[in-house]
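# Commentary on secondary and tertiary structure
What follows is the residue order along each chain.
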Amino acid sequence: MAVTVKIPAQLRPVVDNQATVSVNASGTVSEILDALYGEFPDLKDRISENGELRRFVNVYVADEDIRFGDGLETAVADGSEVTILPAVAGGC
Amino acid sequence: MAVDAPQIKSTSTEQCLKCKECGNEYPLEARFVCEQCFGPLEVQYDFGGLDVAEAKRKIQAGPQSIWRYSDFLPFEEQPKSVLATGMTPLIHATRLGAYLGGLKNVYIKNDAANPTHSFKDRVVSIAIAKARELGYDVIACASTGNLANAVAAHAAAAGLDSYVFIPTDLEEQKILATGVYGTELVGVKGNYDDVNRLCTELSAEYDWAFVNINMRPYYSEGSKTLAYEAIEQLGWEVPDRVVAPIASGSLFTKLFKGYNEWLDVGLVDGKTPIFHGAQATGCNPVATAFENGNDFCQPVKPDTIAKSLAIGNPADGPYALDVARGTGGSIEQVTDDEIRAGIKLLAHTTGVFTETAGGVTVASLKKLADRGEIDPDETVVVYITGEGLKTLDAARGTFEKYEIDPTVDAFNHFVPTPVTA
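Okay, so let's go over this structure.

So, how was this worked out
- Residues numbered from 1 in each chain as written.
- Chains lettered and ligands numbered in written order.
- Predicted model: local features only at pLDDT ≥ 70, side-chain atom pairs only at ≥ 80, totals over all residues.
- Pairing = 2+ DSSP bridges.
- Helix = DSSP H or I, 4+ residues; strand = E, 2+ residues; numbered from the N terminus.
- Contact = placed C-beta atoms within 7 Å.
- Axes fitted to C-alpha atoms, helices over the stretch in contact; angles between N-to-C directions.
- Buried ≥ 20, exposed ≤ 12 C-beta atoms within 10 Å, placed from the backbone.
- Parallel < 35°, antiparallel > 145°, perpendicular 65-115°, else oblique.
- Left-handed = near helix turned anticlockwise from the far one by under 90°.
- Nonpolar A, V, L, I, M, F, W, Y, C, P; charged D, E, K, R; others polar.

### Focus on the sheet that holds strand β8 (residues 184-188) of chain B
All names here are of chain B. Within the open sheet, the four strands sit side by side as β8-β7-β6-β9. Their pairing is parallel. Each edge of the open sheet carries a strand with a single partner, namely β8 and β9 (209-210). Of the strand pairs in this sheet, strand β7 (residues 161-167) and β8 are connected by five bridges, and their pairing is parallel. Paired with Pro-167 across the two strands is Val-188, which belongs to β8. The sheet contacts of helix α6 (residues 192-205) involve β6 (138-142), β7, β8 and β9, and relative to β7 the element is tilted by about 145°.

Laid out in structure tokens, this is it:
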């Protein structure tokens with residue numbers, strides 16, 4: 001089983017400058033991220049703190065903000081796309 | 001159209017970008033999030049070298065636009081812009097104050113009186129000036145409408161190409177008033193938060209100046225000028241309270257920054273105003289967090305007529321909460337019916353026709369007045385950020401129109417009752 005994770009420009013240096021990373025893991029967002037941290041240890045502190053996502057990090061599963069789902073426990077279906085993006089954008 | 005004359009800054013204000021979360025510093029470049037913690041970056045000034053008397057003299061002798069405040073904006077030299085923005089009227093709203101129970105000093109800052117009829121002209125002026133300084137040829141934005149108007153117009157005036165991304169269901173008036181400037185207009189099937197997410201991704205792929213993404217630290221500084229102008233127009237006084245709309249929370253937090261900068265450097269005496277934010281019940285993530293005592297905002301799916309405030313995932317929400325709580329203020333929420341009533345109340349008592357966002361703000365002011373929170377002698381500045389002609393549907397069906405034959409008898413048959421509030 002594989003999930004594609006889209007990496008924002010700001011984080012690409014810690015994932016060998018890749019825009020997307022294929023992760024062989026299954027289950028929840030939390031489990032996908034843990035697998036990603038295993039491969040790229042420097043990523044962990046950049047987007048998480050005390051086991052939670054930092055407050056200005058948004059994560060989407062299949063284009064839906066995980067805060068509309070179960071947060072880090074949101075299920076990720078096989079073949080779907082996880083997107084990490086900075087929250088500080090847009091607005092007035 | 002006035003072209004502001006270039007003017008060299010005479011006062012030294014060292015600047016950098018600083019992370020609001022962890023304090024990391026970066027040079028003034030096209031960057032909007034901290035590489036270490038993803039926190040937002042904000043322009044940081046060192047006003048230690050500022051000659052206050054000289055700064056005040058320069059402001060008063062400056063152009064009738066936001067560039068009179070260039071010592072407090074992130075540029076080495078005063079930029080030029082073709083569409084002069086700012087110095088919009090501050091109206092002493094005596095009839096509105098009387099209607100609200102005898103409030104003597106309610107002031108309406110009517111920022112619809114800008115080139116594209118909203119406060120977005122301010123932030124876009126700053127963003128485009130910075131984009132040109134950094135060498136960009138293409139300007140872009142994710143917009144709920146007012147920003148679209150401003151980006152398209154100011155890019156056209158500057159001779160730059162632009163791409164404007166909007167939700168497809170935007171009010172027709174805002175779409176027409178954007179396309180007319182010759183921008184590349186892209187309707188995105190989704191809500192504003194979808195548009196914003198798309199643009200955040202595109203900003204990594206295209207070397208463009210996205211005014212509210214990679215230019216955001218500069219763009220947002222433009223909102224401070226709404227605080228500076230109010231202080232000047234009140235005769236160098238700080239108001240006791242401000243009421244302002246909240247979408248992402250950027251305007252709200254930058255008003256706070258603007259008032260405090262001038263208090264801190266000593267340009268004006270007094271204390272920080274009490275800050276009241278205004279949201280629509282149909283898009284209330286910040287108001288809900290305020291009521292629940294949370295320091296984070298759970299995103300919502302917007303469903304409100306106040307489309308210019310329909311940001312379900314507010315980037316500056318946590319900071320807006322800090323401002324409201326830290327000043328002893330509040331964040332109000334009002335229904336669509338209250339928004340329509342707010343538009344009508346402002347129109348009937350001041351002659352100012354505002355868009356739905358202004359209806360949210362006036363309805364929130366009314367809530368505060370009804371609760372007795374405002375002392376009759378307090379000075380209250382109410383920020384009206386956009387023009388009623390852009391959201392005409394909100395006025396439809398809110399009044400009666402008489403149709404008569406062209407005879408005196410026909411007219412005399414109707415004796416319309418006065419409509420004043």
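Let's pick the thread back up.
### Focus on unusual backbone geometry
Residue and element names in this part refer to chain B. Of note in the backbone geometry, Phe-38 takes a positive phi value of approximately 70° without being a glycine. By the element assignment, Phe-38 lies in the loop between β2 (25-26) and β3 (41-46). Overall, Phe-38 belongs to the buried group, with 26 C-beta atoms counted inside 10 Å. The backbone phi angle of Trp-236 is positive, close to 60°, even though this residue is not glycine.

### Some details on the packing of helix α10 (residues 285-292) of chain B against helix α11 (residues 317-326) of chain B
All names here are of chain B. For the pair α10 and α11, the least separation of the axes is 10 Å and the interaxial angle reads 50°. Considering their axes alone, α10 and α11 lie oblique with respect to each other. For the pair α10 and α11, the crossing hand works out as right-handed. Touching Pro-285, Val-286, Ala-289 and Phe-290 of α10 are Gly-317, Ala-320, Leu-321 and Ala-324, all from α11. Residues of the contact of α10 with α11, tallied by class, amount to seven nonpolar, one polar and no charged.

### A short note on the interface of chain A and chain B
It is common to give the size of an interface as the accessible area lost on bringing the parts into contact. Each side of the interface is counted separately: chain A has 20 residues, and chain B has 32 residues. Among the elements of the structure, α2 (43-47) and β9 (81-86) of chain A are those that each provide at least two residues to the side of chain A that touches chain B. In terms of residue class, the side of chain A that touches chain B is made up of 12 nonpolar, three polar and five charged.

### Looking at the sheet that holds strand β2 (residues 20-23) of chain A
Residues and elements named next belong to chain A. Strand order in this open sheet of five strands is β2-β1-β9-β6-β7, and the pairing throughout is mixed. Of all strands in the sheet, those bounded by a partner on one side alone are β2 and β7 (64-65). Bridge count between strand β6 (residues 57-61) and β7: two bridges; the pairing is antiparallel. For Val-61, the partnering residue across the bridge sits in β7 and is Glu-64.

### Some remarks on the pairing of β6 of chain A
Within β6 of chain A, five of the five residues are buried, leaving the element largely enclosed by the surrounding structure. The turn joining β6 of chain A and β7 of chain A, which pair antiparallel and follow one another in sequence, is formed by two residues; a positive phi near 50° is taken by Ala-62 of chain A.

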